[in-house]
Amino acid sequence: MKKLILLSGILFLVGILFSGCGKDQSSSSSNLLQEVKGNDVLKVGLMGTYPPYNFLNDKNEIDGFDADIAKEVAKRLGVKVEFVPTEWAGMIGGLQAAKFDVVISQMTITDERKQTLDFSNSYITNAVNIIVDEKNNSINTLADFKGKKIGVALGTNDETFLRNEVLPKIGNFEIVTYNDPLTSLIDLNAGRIDATINNIFAIKPLVDKNNLKIKKTGEALKQDQAGVAVRKGNPELLEAINTALTAMKTDGTYRNIFVKWFDVEPE
Amino acid sequence: MEMILEDLPLFALGTYYTLYLTVVSLLLGLMIGLGIALIRVFSQNAILIGLSKGYISIIRGTPLLVQLFILYYGLPDIGVKLSPMTASILALSINTGAFLSETFRSSILSVKRGQLEAALSLGLKKWQAFYFIIMPQAARVAIPPMGNTFIGMLKETSLVSVVTVTELLRTSQLLIAKHLVVMPFYISIAVIYWVLSAVFSIILVKVENRLSFYEN
């Protein structure tokens, strides 16, 4: 009798264990795409502090290029979108911990990140260009920097690039450092420096708000591509996102969003 | 330490700019300060006095960093483009001028009125009485508070790093961005600032002793 009780007890425990496992398996096997559709919401992690890509608008709603892309993707998946504002440093951790389903926040596709995340096809190419006064036609390449004053925000990748790669090659130009990109652009507009380098999309809100008369010039100095980041092991969701992105590009919706935020045609 | 020795020329250049800014702004500030103090003590012109009071109130009542920003980034909107160095010297001199004018005013007022009356009764003209009798006595009283302003100014030159002048602070920030190490550079410039202000103090003590000649 005692043995029977013991045995049934063990069986019971094992049963619990297995049922636990079973539950676990079923949740990871019912794929994330179905889960998103079941919950009728796509949770999107983004910074919310990076205009014009993603930021709080006048109505305190998350807005911007990334936000519009996210809304359109969600629409094509047939679900609502929910934005989860997250600091950049916690973005990948938040995705891994399933605080949100995807990251649409200018996350650049890199080989390093691909080891821990999956990326959709790229939805935007960001470039760093030479930026000059609207009327300046004499600076078009890095070689034209010779003898000029080039402004850049202190401590940025752009500053490192100018100092470590451009300066040794071209030589003999002055690097003028600012505390932030905005002051370097204002000084460029005032004509106290000859050029700066920056991502023309990222600085667009600054240029518009301050009515700066500046333009990008020449070929892109470097380019990177951002994609929608998804936790590894969710090929169905990734596939659905890629389909949505492709469809957006084909039917012109993507173009409209792009022009709305950047005032230029997508390349 | 090696990093610092390797970049010694940059530190020397930064120190040069800091000293240059300090000395030039101090000289200009002294002139502005003296002028304003004279207006406030001797002038009968209500408009001049009002302007001086307004100047002191505005300049002492707003941060130097803000004044610098307005001079450098604000003025181009109305077509006035100052070079980084000019804007810095202007902002620093206008700022010290306001503080020094109050120092001078109080030191002039500290000389007893009887001195002026005695001088005038001896037949000196008003400017003579001021130049030969009041000024030497007032100058000695003014030295210790001037020392405060001078040393304060020396350190406040660090603010002009925001308008792209590569003085000591900006030098260290550039080196930090290059080496990705912070403390050695900040500590280095702290030492340099301290040495500079110590030298300033010594000079001021010498000047004060020299002026005490009139006391004996």
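All values reported here derive from a predicted model rather than from experimental measurement. Position numbers for residues count from 1 along each chain, tracking the sequence in the order it is written. Each chain is given a letter, starting from A, and each ligand a number, starting from 1, according to the order in which they appear as written. Where local features are concerned, this predicted model is filtered to residues with pLDDT of at least 70; where side-chain atom pairs are given and counted, the filter is 80 or more; whole-chain, interface and lining totals use all residues.

Caption draft 1: Seen up close, the overall build of chain B. Think of it this way: any DSSP run of H or I at least four residues long counts as a helix, any run of E at least two long counts as a strand, and we number them from the N terminus. Secondary structure summary: chain B contains 9 helices and 0 strands in total. The secondary structure elements of chain B, listed N-terminal to C-terminal, are α-α-α-α-α-α-α-α-α. Across its three principal directions, the C-alpha atoms of chain B cover 70 × 45 × 20 Å. Out of the 216 residues belonging to chain B, those deemed buried represent 31%. Once C-beta atoms have been placed from the backbone, residue pairs whose C-beta atoms lie within 7 Å are recorded as contacts. Residue pairs at least 24 apart in sequence account for 76% of intrachain contacts in chain B once pairs closer than 6 positions are excluded. Three classes are used. A residue is buried when 20 or more other C-beta atoms lie within 10 Å of its own, exposed when 12 or fewer do, and partly exposed in between, with C-beta atoms placed from the backbone.

Caption draft 2: The arrangement of the sheet that holds strand E2 (residues 49-50) of chain A in detail. All names here are of chain A. Ordered in space as E2-E3-E4, the 3 strands form an open sheet in which the pairing is antiparallel. Since the sheet does not close on itself, it has two edges, and those belong to E2 and strand E4 (62-63), each with one partner. Strand pairing is defined by DSSP finding a minimum of two bridges between the two strands. Relative to strand E3 (residues 54-56), E2 runs antiparallel, the two being bridged by 2 bridges. Residue pairing across strands places Thr49 opposite Phe55, the latter belonging to E3.

Caption draft 3: Fine view of the domain arrangement of chain A. All names here are of chain A. For chain A, the domain assignment lists domain 1 (32-125 + 225-262) and domain 2 (127-223). Between domain 1 and domain 2, the C-alpha centre-to-centre distance is 30 Å. With 4 residues of domain 1 at the contact, the number on the domain 2 side is 5 residues. Residues that form the side of domain 1 that touches domain 2 fall into these classes: 3 nonpolar, 1 polar and no charged. The split of the chain into domains comes from an automatic or database domain assignment. Only Asp, Glu, Lys and Arg are considered charged, only Ala, Val, Leu, Ile, Met, Phe, Trp, Tyr, Cys and Pro nonpolar, and every remaining residue, Gly among them, polar.

Caption draft 4: Main features of unusual backbone geometry. Residues and elements named next belong to chain A. Here the bond from Pro51 into Pro52 is cis, since omega is 0°, no more than 30 degrees from zero. Mapping Pro52 onto the fold places it in the loop between E2 and E3. Backbone geometry at Gln106 places phi at a positive 55°, although glycine is not the residue there. Here Gln106 lies in the loop between strand E6 (102-103) and helix H5 (111-114).

Caption draft 5: The packing of helix H2 (residues 8-42) of chain B against helix H7 (residues 126-156) of chain B, seen in detail. Residue and element names in this part refer to chain B. Fitted lines through C-alpha atoms serve as axes, helices being fitted only where they are in contact, and the angles separating the N-to-C directions of these axes extend from 0 to 180 degrees. Running from amino to carboxyl end, H2 crosses H7 at an angle of 135°, the nearest separation of the two axes being 9 Å. Classified by the interaxial angle, the pair formed by H2 and H7 is oblique. Taken as a pair, H2 and H7 cross one another with a handedness that is right-handed. Taken together, the residues of H7 that come into contact with H2 (itself represented by Thr22, Ser25 and Leu26) are Phe150, Met153 and Leu154. Across the contact of H2 with H7, the residue classes tally to 4 nonpolar, 2 polar and no charged. Working rule for angles: under 35 degrees goes down as roughly parallel, over 145 as roughly antiparallel, 65 to 115 as roughly perpendicular, anything else as oblique. When the near helix sits turned anticlockwise from the far one by under a right angle, the crossing is termed left-handed; a clockwise turn instead gives a right-handed crossing.

Caption draft 6: Broad picture of helix H2 (residues 32-39) of chain A. Residue and element names in this part refer to chain A. Every buried residue of H2 is accounted for by Leu32, Leu33 and Val36. The arc that holds the buried residues of H2, viewed along the axis, is 105°, so those residues lie on one side. In H2, those exposed residues whose orientation departs by more than 90 degrees from the buried face are Gln34 and Gly38. Backbone geometry just downstream of H2 places Asp40 in the positive-phi region, at approximately 60°. Note that the arc is defined by the directions from the helix axis to the C-beta atoms.

Caption draft 7: Quick peek at the confidence of the model for chain A. The quantity called pLDDT is the predictor's confidence in a given residue, expressed from 0 to 100. Confidence in the prediction for chain A averages 90 pLDDT; 89% of positions are at 70 or higher. A low-confidence stretch, residues 20-28 of chain A (pLDDT under 50), is modelled with 0 contacts involving residues beyond four sequence positions or located in other chains.

Caption draft 8: Quick peek at H7 of chain B. Residues and elements named next belong to chain B. Compared with an ideal rise of 1.5 Å per residue, which puts 31 residues at 45 Å, H7 spans 37 Å between its outermost C-alpha atoms and falls more than 12% short. Those residues of H7 not exposed but buried are Ala129, Ile134, Ala138, Arg140, Ala142, Met146, Thr149, Phe150, Met153, Leu154 and Glu156. At its buried positions, H7 is contacted by H2, helix H4 (64-74), helix H5 (84-110), helix H6 (113-121) and helix H9 (183-211). The length a helix should cover is 1.5 Å for every residue beyond the first.

Caption draft 9: Here's a closer look at the confidence of the model for chain B. Counting all residues, the mean pLDDT for chain B is 90, and 98% of those residues have values of 70 or more. Across the interfaces of the predicted complex, the ipTM metric reaches 0.70, alongside a pTM of 0.74.

Caption draft 10: Main features of the interface of chain A and chain B. With 12 residues of chain A at the contact, the number on the chain B side is 9 residues. Put simply, the parts of the chain that give the side of chain A that touches chain B at least two residues each are strand E9 (174-178) and helix H7 (181-190) of chain A. Its residues assigned to classes, the side of chain A that touches chain B comprises 5 nonpolar, 5 polar and 2 charged.

Caption draft 11: Structural context of the sheet that holds strand E5 (residues 80-85) of chain A. All names here are of chain A. Overall, mixed pairing links the 8 strands, which are arranged E5-E1-E6-E11-E7-E10-E8-E9 in an open sheet. Both outer strands of the open sheet, E5 and E9, are each paired with one neighbouring strand and no more. Across 13 bridges, strand E7 (residues 117-133) lies against strand E11 (residues 214-231) in antiparallel orientation. Pairing of Val128 across the sheet is with Lys222, part of E11. In the packing of helix H3 (residues 65-77) onto the sheet, the strands contacted are strand E1 (41-46), E5 and E7, and the crossing angle to E5 comes to about 145°.

Caption draft 12: Highlighting the environment of Ser83 of chain B. Residues and elements named next belong to chain B. Note that Ser83 resides in the loop between H4 and H5. A residue is classified by how many C-beta atoms lie within 10 Å of it, and Ser83, with 13 of them, is partly exposed. In the structure, Ser83 is positioned 15 residues away from Leu68 in sequence and 12 Å away in space, judged by C-alpha atoms.

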